[in-house]
Amino acid sequence: MSKKRIVVKVGSNVLTREDGKLDITRMSALVDQVAWLHALDYEVILVSSGAMASGRGEISVARRLDSVAQRQLYSALGQAKLINHYYNLFREYRLPVGQVLTMKENFNSRRAYLNQRACMEVMLDNGVIPIVNENDTVSVTELMFTDNDELSGLIASMMDADALIILSNIDGIYDGPPDDPASHLIGHVEPGSDLSAYIQSGRSGFGRGGMVTKYNIAKKVAEEGIRVIIANGKRDNILVDIVEHPDDTPHTEFEPTAEGVSGIKKWIAHSDSFAKGRIIINERASEALCGRQAVSLLLVGVVEVEGDFEEGDLVGIYDEDGRKLAIGRTAYDSESARRLTGCHDQKPIVHYDYLYLE
């Protein structure tokens, strides 16, 4: 029987105390649980926040720093401390760990994407637990992930995980304000369900993201055939209880779609921010694209090409009302696409194999 592969994302609000410092006791308890999973033959990839919290108390700055400089400084100091804590905690179980620092732009290139995947595959093949975090020392505003929820979704998709577990400081998604006694936890989310009306914007504590991000990532990853669970990492033995007593453990679970998607479509699905241009299509092409039958996008249905791009770049596909329909890998550069717009008997501008519907 093949091993089950899970990605566990641990948020800043789980790993930090009220004073903003790293909660070593909580961290140790989570390591105990990951080691327990490993002993049950699970392959675990840990996406861990906490570098900022680790570095915050290491130095007193002489002058006030802006948010980017502060993040770079504290993360540079804290990441070394964080991985050292993990190294020592996992060493008690004789489990080797490896650090993987990445950036959003590393997912832009298909080659870089596959290189990252190969790196983590060889780690898992050799019993090494990858510990992944964003490289905040070089990532700045527009190049940053929304937060590690987004990163964990990309990792789960890239590594063909069986499940993604997102640990926050809340039990899951509620049908009202979580602090309202009248609100109820939504335990199960079926494919195609829309919970956006229940999701509150904003964030809490020390993390960059919030429940909106978690919901959007969970929905997209589940649509790719991966089970997603949002649970409270502050609860004792939460990972153990999710595996052994799921019916008695508060959490929100997103049921995966029956049909997964190909590896390249998974990459495309999470790469919409890297689109180099826009393809505007007519009503007939829109209906065909969104219909039940799998179709490629033909030039005859294109009415306008925006932006400059090369063959093989990613482009967004929109209807004439500006609604985004899909993202895909173009078979033409922008100049050729403009010249052939509306033409019959040409190869597809985006083949179905390289097309991901929103």
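A short tour of the structure in this document, coming up. All of these numbers come straight from a predicted model, not from anything done at the bench.

1. Points about the sheet that holds strand β5 (residues 163-168)
If you trace the eight strands from one edge of the open sheet to the other, you get β3-β4-β2-β1-β5-β7-β8-β6, paired in mixed fashion. Strand pairing shows two members of the sheet lacking a second neighbour, β3 (97-102) and β6 (188-189), which therefore form its edges. Direction of pairing for strand β2 (residues 42-48) relative to strand β4 (residues 129-134): parallel, over a ladder of two bridges. What sits directly across from V47, in β4, is V132. In this fold helix α7 (residues 211-223) packs onto β1 (4-10), β5, β7 (227-232) and β8 (252-254), with an angle of close to 155 degrees to the strand it touches most, β7.

2. Some words on the pairing of β4
Remember that side chains alternate between the two faces of the sheet whenever the strand is regular. Along β4, six of the six residues are buried, which leaves the element largely enclosed by surrounding structure. Of the two faces of β4, the one holding I129, I131 and N133 and the one holding P130, V132 and E134 are both buried throughout. Traced from β3 through helix α5 (residues 110-125) to β4, the parallel crossover comes out right-handed.

3. With respect to the nonpolar core
Grouped together as the largest cluster of nonpolar side chains are 45 residues, with contacts concentrated most on M120, I155, I173 and F254. Breaking this core down by element, the ones donating at least two residues are β2, α5, α6 (148-158), β5, α7, β7 and α9 (263-269). Tallying contributions element by element places α7 first for this core, with six residues. With residues up to four places along the chain from it excluded, the contact list for M120 reads I45, V100, P130, V132, I155, M158 and M159. Within the second largest apolar cluster, 33 residues are counted, among which are L15, F90, I129 and I229.

4. Focus: the environment of V8
You can see V8 is positioned in strand β1. Beyond its immediate chain neighbours, meaning those up to four positions away, V8 contacts V44, I45, L46, V47, I165, L167 and L239.

5. Examining empty space enclosed by the protein
Enumeration over the complete set of coordinates arrives at two cavities of 30 Å³ or more. Approximately 90 Å³ is the volume found for the largest cavity. Along the wall of the largest cavity there are 13 residues; nearest its centre are E190, P191, G192, K219 and A222. Broken down by element, the residue count for the lining of the largest cavity peaks at five residues, all from α7. Considering only residue class, the lining of the largest cavity consists of six nonpolar, three polar and four charged.

The rules behind each value
- Residues numbered from 1 in each chain as written.
- Predicted model: local features only at pLDDT ≥ 70, side-chain atom pairs only at ≥ 80, totals over all residues.
- Heavy atoms only, no water.
- Pairing = 2+ DSSP bridges.
- Helix = DSSP H or I, 4+ residues; strand = E, 2+ residues; numbered from the N terminus.
- Contact = heavy atoms within 4.5 Å.
- Axes fitted to C-alpha atoms, helices over the stretch in contact; angles between N-to-C directions.
- Buried < 20%, exposed > 50% of the residue type's maximum accessible area, 1.4 Å probe, protein only.
- Right-handed = clockwise from strand over helix to strand, strands pointing away.
- Core = buried A, V, L, I, M, F, W, Y, C linked by side-chain atoms within 4.5 Å.
- 1 Å grid on protein atoms, 1.4 Å probe; cavity = no way out; pocket = protein on both sides within 12 Å on 5 of 7 lines; lining within 4 Å.
- Points joined across faces, edges and corners; volume = space filled by probe spheres on them.
- Nonpolar A, V, L, I, M, F, W, Y, C, P; charged D, E, K, R; others polar.

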